[in-house]
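Residues per chain are reported as follows:
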Amino acid sequence: ELGSRIVRSLGGESKASITSHVTCIVPTMAKAPNDNFANKLSSLIHGPAIEGSNVIFVVVASKGDTSKSRTRHVAFRTGLEVNHALAPIIDKHAHALALQVRKGASSQDGIAAMFENVVGTLRERSSLIITCSDIGLERAIGAMKGSLFHAISLINA
């Protein structure tokens, strides 16, 4: 379902396609960061499953029933753990794009503003990675769609 939401938000199958879909479970974190999770996430990103991808979306699932506004919760801590695990492999951060993602997501659902979005390049600036919550996903992607296509053209140049 997440893949189809992303493709729809980017303008449909004529504009974007999902080349691979990988699901990863973030373990419950203790006081110290989980290095094993960070290594697994890094291996996935650099591994053969998504090596040819020029854009990688890391979507962190919310907690609770997302159809009911009173019972859903943005996965704030999980998002921070994911971003912490990605920090060593991101070459260059794109803070302005991350802000576009956050503003777009929060325009769909205010709780999405709690999520710490990260956008940056990796693999020697040959790919773009975007972290976001599933809450507000459609407008998050819509808000950066034009910039995203431009960034992809620069990466592929």
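Structure first, text after, so check above.
Analysis parameters
Residues numbered from 1 in each chain as written. Predicted model: local features only at pLDDT ≥ 70, side-chain atom pairs only at ≥ 80, totals over all residues. Heavy atoms only, no water. Helix = DSSP H or I, 4+ residues; strand = E, 2+ residues; numbered from the N terminus. Contact = heavy atoms within 4.5 Å. Areas by Shrake-Rupley, 256 points an atom, 1.4 Å probe, with all protein chains shown as cover. Buried < 20%, exposed > 50% of the residue type's maximum accessible area, 1.4 Å probe, protein only. Polar contact = N/O pair within 3.5 Å; in protein donor to acceptor, adjacent residues only side chain to side chain. Salt bridge = Lys/Arg side-chain N within 4 Å of Asp/Glu carboxyl O. Core = buried A, V, L, I, M, F, W, Y, C linked by side-chain atoms within 4.5 Å. Patch = residues over 30% accessible without salt bridge, like charges linked within 9 Å, V, L, I, M, F, W, Y side chains within 5 Å. Pairing = 2+ DSSP bridges. Axes fitted to C-alpha atoms, helices over the stretch in contact; angles between N-to-C directions.

> Just to check I follow, could you spell out the overall build of the chain for this structure?
Across its full length, the chain holds five helices and four strands. Helices (α) and strands (β) of the chain occur, in sequence order from the N terminus, as α-α-β-α-β-α-β-β-α. Once local pairs closer than 6 in sequence are excluded, the contacts in the chain between residues at least 24 apart make up 68%. About 8900 Å² of surface is accessible on the chain, with carbon and sulfur atoms providing 53% of the total.

> Whenever I open this one, the side chain of Arg5 confuses me. Can you help?
Mapping Arg5 onto the fold places it in helix α1 (residues 2-9). Residue classification places Arg5 among the buried positions, given a relative accessible area of 11%. Reaching out from Arg5, the side chain makes a polar contact with the side chain of Glu138 at a distance of 2.6 Å. With sequence-adjacent residues up to four places away left out, Arg5 is seen in contact with Asp134, Leu137 and Glu138.

> Explain the pattern of salt bridges here, please?
Oppositely charged side chains may form a pair once their charged atoms are brought near each other. One pass over the full model with this rule turns up two salt bridges. Glu138 is the salt-bridge partner of Arg5, the closest N and O atoms lying 2.6 Å from each other. Pair noted here: Arg5 is in helix α1 and Glu138 is in helix α5 (residues 137-156), with a separation of 133 residues, a long-range link. Residues Arg102 and Glu116 are paired through a salt bridge, measuring 3.3 Å at the closest nitrogen-oxygen approach. Residue Arg102 is found in helix α4 (residues 95-108), and its partner Glu116 is found in the loop between α4 and β3 (118-122); the two are separated by 14 residues along the sequence. Take Arg102: its relative accessible area is 26%, and that puts it in the partly exposed class.

> In this structure, what is going on with the nonpolar core? I would like to understand it.
Generally speaking, soluble globular proteins have nonpolar side chains that are buried together. Counting residues in hydrophobic clusters, the biggest one holds 23 residues, and the most contacted among them are Phe57, Leu128, Ile130 and Leu148. Put simply, the parts of the chain that give this core at least two residues each are β1 (55-60), α4, β4 (127-133) and α5. The element contributing the most residues to this core is α5, with eight residues. Core analysis: the second largest hydrophobic core is formed by 18 residues, Phe37, Ile45, Ile50 and Ile90 among them.

> Would you mind going over a nonpolar patch on the surface with me for this structure?
A contiguous nonpolar surface patch, about 260 Å² in accessible area, is contributed by Phe76, Leu80 and Met114. For Met114, the position within the fold is in the loop between α4 and β3. Classification of Met114 as partly exposed rests on a relative accessible area of 45%.

> Got a minute to help me understand the environment of Val60 in this structure?
Along the polypeptide, Val60 turns up in strand β1. Setting aside residues up to four positions removed in sequence, Val60 forms contacts with Ala75, Thr78, Gly79, Val82, Phe115, Cys132, Ser133 and Asp134.

> Teacher, can you tell me more about the sheet that holds β1 here?
The strands making up a sheet associate through backbone hydrogen bonding, with each pair oriented either parallel or antiparallel. The four strands are arranged β1-β4-β3-β2 in an open sheet whose pairing can be described as mixed. Two strands lie at the open edges of the sheet, namely β1 and β2 (90-93), each paired on one side alone. Within this sheet the neighbouring strands show an average axis-to-axis angle of 30°, counted without direction. Pairing analysis gives three bridges linking β2 to β3, with the strands arranged antiparallel. Note on β3: the bridge partner recorded for Lys92 is Thr121. Relative to β1, helix α3 (residues 76-86) is tilted by about 150°, and along the sheet it contacts β1, β2, β3 and β4.

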